[in-house]
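# Breakdown of the fold
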Amino acid sequence: MDRPSLRRLFSACDVNKSGRIEYEDFTVVCRELGVPDTQVQTLFEKFGAFEDGYIDYRGFSSRFQEVSETLNLASFGAGSTQTPWEEFVDRVDVEFLLSESVREQLADLYQAIHSSANTALLQAYEELVQSLISLSRENKLECEQLETSLKRAEEINNSQLAELEDDIQQHLAQAEERVRDEERKKMEGIIAAMQRKHDDEVADLHAAADRLLRVGFVLKTCMPFFSSDKHCFLYFNN
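Values in this document were obtained by computation on a predicted structure and should not be read as measured data.

Further remarks concern the overall build of the protein. From N to C terminus, the protein includes ten helices and two strands. Starting at the N terminus and walking to the C terminus, you meet the elements of the protein as α-β-α-α-α-β-α-α-α-α-α-α. Counting only residues that meet the buried cut, the protein has 24% of its 238 residues in that class. Pairs at least 24 apart in sequence give 56% of the contacts found in the protein among residues at least 6 apart. As displayed, the protein has an accessible area near 16,800 Å², and 55% of this comes from carbon and sulfur atoms.

This is the structure in structure tokens:
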């Protein structure tokens, strides 16, 4: 189906003329086409309306072929005619206009100008609407580019923060390792000093014990002859 026909069919399904097909609109269409109530929700969701709660023209046009295999929407809009505004929007993309209320106001004014049969004013108004659409499109593109830039900057910032955290963790680990090494070296030094002191004390004890043994040996051996044997006397004194 060509674009003008899709636009006419979308307008026909937009029962309350809100610029989008809401669930109530879709229910009315399905009932007129004889669709069982149990299938309405499923068909509504096939148009991508599950999250938004309504069907916009973009979703309608992109999924029309898929849904038309189940629901003959073309027969619903077969006898519908387009308003002058609908004929105009077939030539432009009003989806880029800011809001639904803006589109409604533009449509009302367009209908009024068209009814006045002032061709020059109508042409100027169409050019103005096209300029608004172009401006909206540019703004949307700039917003998308800005969002992309912000997302990229956020990703870079998060990456840098992660690298900084890794560096801090590494520095902390290295500092902790240095402290442990210093404490270990201090403890090894203290233990070595205590070991040397202990060895010196043991050596002194051994030396003292050797002297005592020598003295005891001398006393035991030389005492009977102490008064007469000068050698024993000299040995003892030495």
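Moving on to the nonpolar core. Counting 19 residues, the largest nonpolar core has Ile-21, Phe-26, Ile-55, Phe-60 and Leu-71 as the members making the most contacts within it. At the level of secondary structure, the elements contributing two or more residues to this core comprise helix H1 (3-13), helix H2 (23-32), helix H3 (37-46) and helix H5 (57-68). If you look at the next biggest cluster of nonpolar residues, it comprises twelve residues, including Val-92, Leu-122, Val-129 and Ile-133.

Summed over all chains, the structure comprises four aromatic pairs. Ring geometry for Tyr-23 and Phe-44: centres 5.1 Å apart, planes at 80°, overall edge-to-face. With Tyr-23 in helix H2 and Phe-44 in helix H3, the pair connects residues that are 21 residues apart, well separated along the chain. Accessibility expressed as a relative area gives 29% for Tyr-23, which makes it partly exposed. Summarising the aromatic geometry, the rings of Phe-26 and Phe-47 are spaced 5.9 Å apart at their centres and angled 80° between planes, so their arrangement reads as edge-to-face. Taken together, the residues span a long stretch of sequence, with Phe-26 in helix H2 and Phe-47 in the loop between H3 and helix H4 (49-52) at a distance of 21 residues. Its relative accessible area of 3% is what places Phe-47 among the buried residues. An aromatic cluster is present here, built from Tyr-23, Phe-26, Phe-44, Phe-47 and Phe-60 joined pairwise through their rings. The ring of Tyr-54 carries the charged tip of Arg-20 above its face, separated from the ring centre by 4.2 Å.

Packing of H2 against H3 brings their axes to within 10 Å, and their N-to-C directions diverge by 130°. Overall, the two elements H2 and H3 adopt an arrangement that is oblique. You can see that H2 and H3 cross each other, and the crossing is right-handed. From H2, Tyr-23, Phe-26, Thr-27, Cys-30 and Arg-31 reach across to H3, where they touch Asp-37, Val-40, Gln-41, Leu-43 and Phe-44. Of the residues that constitute the contact of H2 with H3, the class distribution is six nonpolar, two polar and two charged.

On to the environment of Cys-30. Here Cys-30 is to be found in helix H2. Considering only alpha carbons, one finds Cys-30 and Leu-43, 13 residues apart in sequence, at a separation of 9.2 Å. Among all residues touching Cys-30, those that are not within four sequence positions of it are Val-35, Val-40 and Leu-71.

As for its position among the elements, Asp-25 is in helix H2. No salt bridge forms around the buried Asp-25; measuring N to O, its nearest opposite-charge neighbour Arg-20 is 7.7 Å away. Once residues lying within four places of it in the same chain are set aside, the contact partners of Asp-25 are Cys-13, Asp-14, Val-15, Asn-16, Ser-18 and Arg-20.

Okay, H2 next. Buried residues of H2: Asp-25, Phe-26, Thr-27, Val-29 and Cys-30, and no others. Positive phi appears at Gly-34, one or two residues downstream of H2, with a value of about 75°.

Between two packed helices, what matters for the description is the angle formed by their axes and the separation of those axes. It is the contact of H3 with H5, at a shortest axis distance of 9 Å, that shows an interaxial angle of 140°. One element, H3, and the other, H5, form an angle in the oblique class. Residues Leu-43, Glu-45 and Lys-46 of H3 form the contact with H5, whose participating residues are Arg-63, Glu-66 and Val-67. Here the contact of H3 with H5 is composed, by residue class, of two nonpolar, no polar and four charged.

About the criteria used
Residues numbered from 1 in each chain as written. Predicted model: local features only at pLDDT ≥ 70, side-chain atom pairs only at ≥ 80, totals over all residues. Heavy atoms only, no water. Helix = DSSP H or I, 4+ residues; strand = E, 2+ residues; numbered from the N terminus. Buried < 20%, exposed > 50% of the residue type's maximum accessible area, 1.4 Å probe, protein only. Contact = heavy atoms within 4.5 Å. Areas by Shrake-Rupley, 256 points an atom, 1.4 Å probe, with all protein chains shown as cover. Core = buried A, V, L, I, M, F, W, Y, C linked by side-chain atoms within 4.5 Å. Phe/Tyr/Trp six-rings, centres within 6.5 Å; stacked < 30°, edge-to-face > 60°. Lys NZ or Arg CZ within 6 Å of the ring centre and 35° of its normal. Axes fitted to C-alpha atoms, helices over the stretch in contact; angles between N-to-C directions. Parallel < 35°, antiparallel > 145°, perpendicular 65-115°, else oblique. Left-handed = near helix turned anticlockwise from the far one by under 90°. Nonpolar A, V, L, I, M, F, W, Y, C, P; charged D, E, K, R; others polar. Lys, Arg positive; Asp, Glu negative; His and termini not counted. Salt bridge = Lys/Arg side-chain N within 4 Å of Asp/Glu carboxyl O.

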